[in-house]
Amino acid sequence: MVNVAAVVVTFNRLEKLKRVLASIEAQTRQPSVLIVIDNASTDGTTDFLATWEAGVNTEIVTLPTNTGGAGGFAEGMLRGYRQGADFVWIMDDDCYPEPEALERLLGGFDAAVGELGPDVPFACSVVEFTDGNICEMNNPLPTWDWGRLLVKGQNSVMVTACSFVSVLVPRWAIAEYGLPYRDYFIWFDDREYTLRLTKRCPGVQVLDSTVIHDMGDNKGVNFAMVSRANVWKFAYGVRNESSYLLHHRGFLYYVEFVARLMVSLRRGRVPWRLRLALLKQALKGVTFNPPIEFPGDRVSFS
């Protein structure tokens, strides 16, 4: 039986974290180890985790500073890899997996490998909002032939990118493609990483593996929504996406992104001061180009 390291990254959401941990303990297919990455929480999370009596084998990691979701996922995946996990299963601290989520992810992954070959780089769950609707900001990007497995009787569709809300990544993919960029801190780390993984073969979304994302408002995001309160978060997104497009897709993709950014900001009637702040972040993407971190010596399985 394969061993799975479940990775949960948390920052100042203790009550939601408790429900996530309980959801993992209730899985019909238990992970071999549960790695909780505490991003220097200040709401009592550290004290809770210090005395928590887990029902599964657990590693608690309290980081000295908040490294963002990107830093937390990279750290958790690295620790799972070094513990010899065959898969890491990653999620945020407001993701509640249904009891059979992991078991069905593993089954869907194996079935996809049987049809597509051993290069399948990840399997992700269907993400629902708390009211049972689809979670607007967690819809994977489908391939042009997304239904190829469905017509073969499988319960999965093919995707090229997804968010870090219940994603199962095999060990070989981490060895070959490395870890998410820690330096992204937040936003676009998940999109970049799953796009990186699918260079050779798409991932799959397993349609009967379900999680609930308790994210507050069920809204997608676009640049017309920028405000003084959230511009700090959009700033990371703009810097990271512009860096990715320029350094991994090409100059024309970068130019198209900047143009689309400015059009969206104008349509949203975002104040000029905020528009200029985000344009500056897009320019930062020219020199911001972090290296890929590998968990050991780089290995190619191709």
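Note that the structure is a prediction, hence the values are computed from the model and not measured. (Residues numbered from 1 in each chain as written. Predicted model: local features only at pLDDT ≥ 70, side-chain atom pairs only at ≥ 80, totals over all residues. Heavy atoms only, no water.)

Participant: Explain a nonpolar patch on the surface here, please?
Facilitator: Judged by side-chain polarity, Trp146, Leu150, Val151 and Leu207 come together as a nonpolar surface patch covering roughly 380 Å² of accessible area. With respect to the helices and strands, Val151 occurs in the loop between strand S7 (141-142) and strand S8 (156-161). (Patch = residues over 30% accessible without salt bridge, like charges linked within 9 Å, V, L, I, M, F, W, Y side chains within 5 Å. Areas by Shrake-Rupley, 256 points an atom, 1.4 Å probe, with all protein chains shown as cover. Salt bridge = Lys/Arg side-chain N within 4 Å of Asp/Glu carboxyl O. Helix = DSSP H or I, 4+ residues; strand = E, 2+ residues; numbered from the N terminus.)

Participant: Just checking my understanding: could you explain the pattern of salt bridges for this structure?
Facilitator: Should the charged atoms of two oppositely charged side chains come close, the side chains can pair. Counted by the stated rule, this structure contains 13 salt bridges. Residues Arg182 and Glu75 are paired through a salt bridge, measuring 3.0 Å at the closest nitrogen-oxygen approach. Of this pair, Arg182 sits in the loop between helix H5 (171-177) and helix H6 (189-197) while Glu75 sits in helix H3 (residues 68-82); the two residues are 107 residues apart in sequence, bridging distant segments of the chain. For Glu75, a relative accessible area of 13% gives the class buried. (Buried < 20%, exposed > 50% of the residue type's maximum accessible area, 1.4 Å probe, protein only.)

Participant: I keep staring at the side chain of Gln205 and nothing clicks. Help me out?
Facilitator: With respect to the helices and strands, Gln205 occurs in strand S10 (residues 203-213). According to the relative accessible area criterion, Gln205 is buried, its value standing at 11%. Each residue touching Gln205, except ones within four places of it in the same chain, is listed here: Cys124, Ser125, Val126, Pro140, Asn155, Ser156, Val157 and Val159. (Contact = heavy atoms within 4.5 Å.)

Participant: It is not clear to me how the nonpolar core should be interpreted in this structure. Could you clarify?
Facilitator: Here is a general trend for soluble globular proteins: nonpolar side chains tend to be buried in one another's company. Among the nonpolar cores identified, the biggest contains 38 residues, and Val4, Val8, Leu21, Leu34, Trp89, Met91 and Leu168 are the most heavily contacted of them. Sorting the residues of this core by element identifies strand S1 (4-10), helix H1 (14-25), strand S2 (33-38), strand S4 (87-92), strand S5 (95-97), helix H4 (101-116), strand S6 (123-128) and S10 as the ones contributing at least two each. Those residues within four positions of Val4 in sequence are excluded, and the remaining contacts are Arg29, Pro31, Ser32, Val33, Phe87, Trp89, Leu102, Leu106 and Leu168. Judged by nonpolar contacts, the second largest core, of 32 residues, contains Val157, Val159, Trp172 and Leu179. (Core = buried A, V, L, I, M, F, W, Y, C linked by side-chain atoms within 4.5 Å.)

Participant: Even after reading the chapter, I still don't get the pairing of strand S9 (residues 167-170), so can you show me in this structure?
Facilitator: As a general feature of sheets, a regular strand has side chains that alternate between the two faces. The side-chain alternation of S9 yields two buried faces, one formed by Val167 and Val169 and the other by Leu168 and Pro170. The pairing of S4 with S9 spans 4 bridges and is antiparallel. Opposite Trp89, over in S9, you have Leu168 as the bridge partner. Bridge analysis of S6 against S9 gives 2 bridges, and the strand direction is antiparallel. By the bridge assignment for S9, Ala123 is matched with Leu168. (Pairing = 2+ DSSP bridges.)

Participant: Explain H6 to me, please; I cannot follow it from the model alone.
Facilitator: Owing to its 3.6 residues per turn, the α-helix aligns residues three or four sequence positions apart on the same side. Burial runs high along H6: 8 of the 9 residues are buried. Elements that come into contact with the buried residues of H6 comprise H3, S8, S9, H5 and helix H7 (231-249).

Participant: Would you mind going over the packing of H7 against helix H9 (residues 272-284) with me for this structure?
Facilitator: As a packed pair, H7 and H9 sit with axes 7 Å apart at the nearest point and diverge in direction by 30 degrees. In the packing of H7 onto H9, the handedness of the crossing is right-handed. Of H9, the residues touching H7 (which contributes Val231, Phe234, Ala235, Val238, Arg239 and Ser242) are Leu274, Leu278, Gln281, Ala282 and Lys284. Here the residues of the contact of H7 with H9 are counted per class, giving 7 nonpolar, 2 polar and 2 charged. (Axes fitted to C-alpha atoms, helices over the stretch in contact; angles between N-to-C directions. Left-handed = near helix turned anticlockwise from the far one by under 90°. Nonpolar A, V, L, I, M, F, W, Y, C, P; charged D, E, K, R; others polar.)

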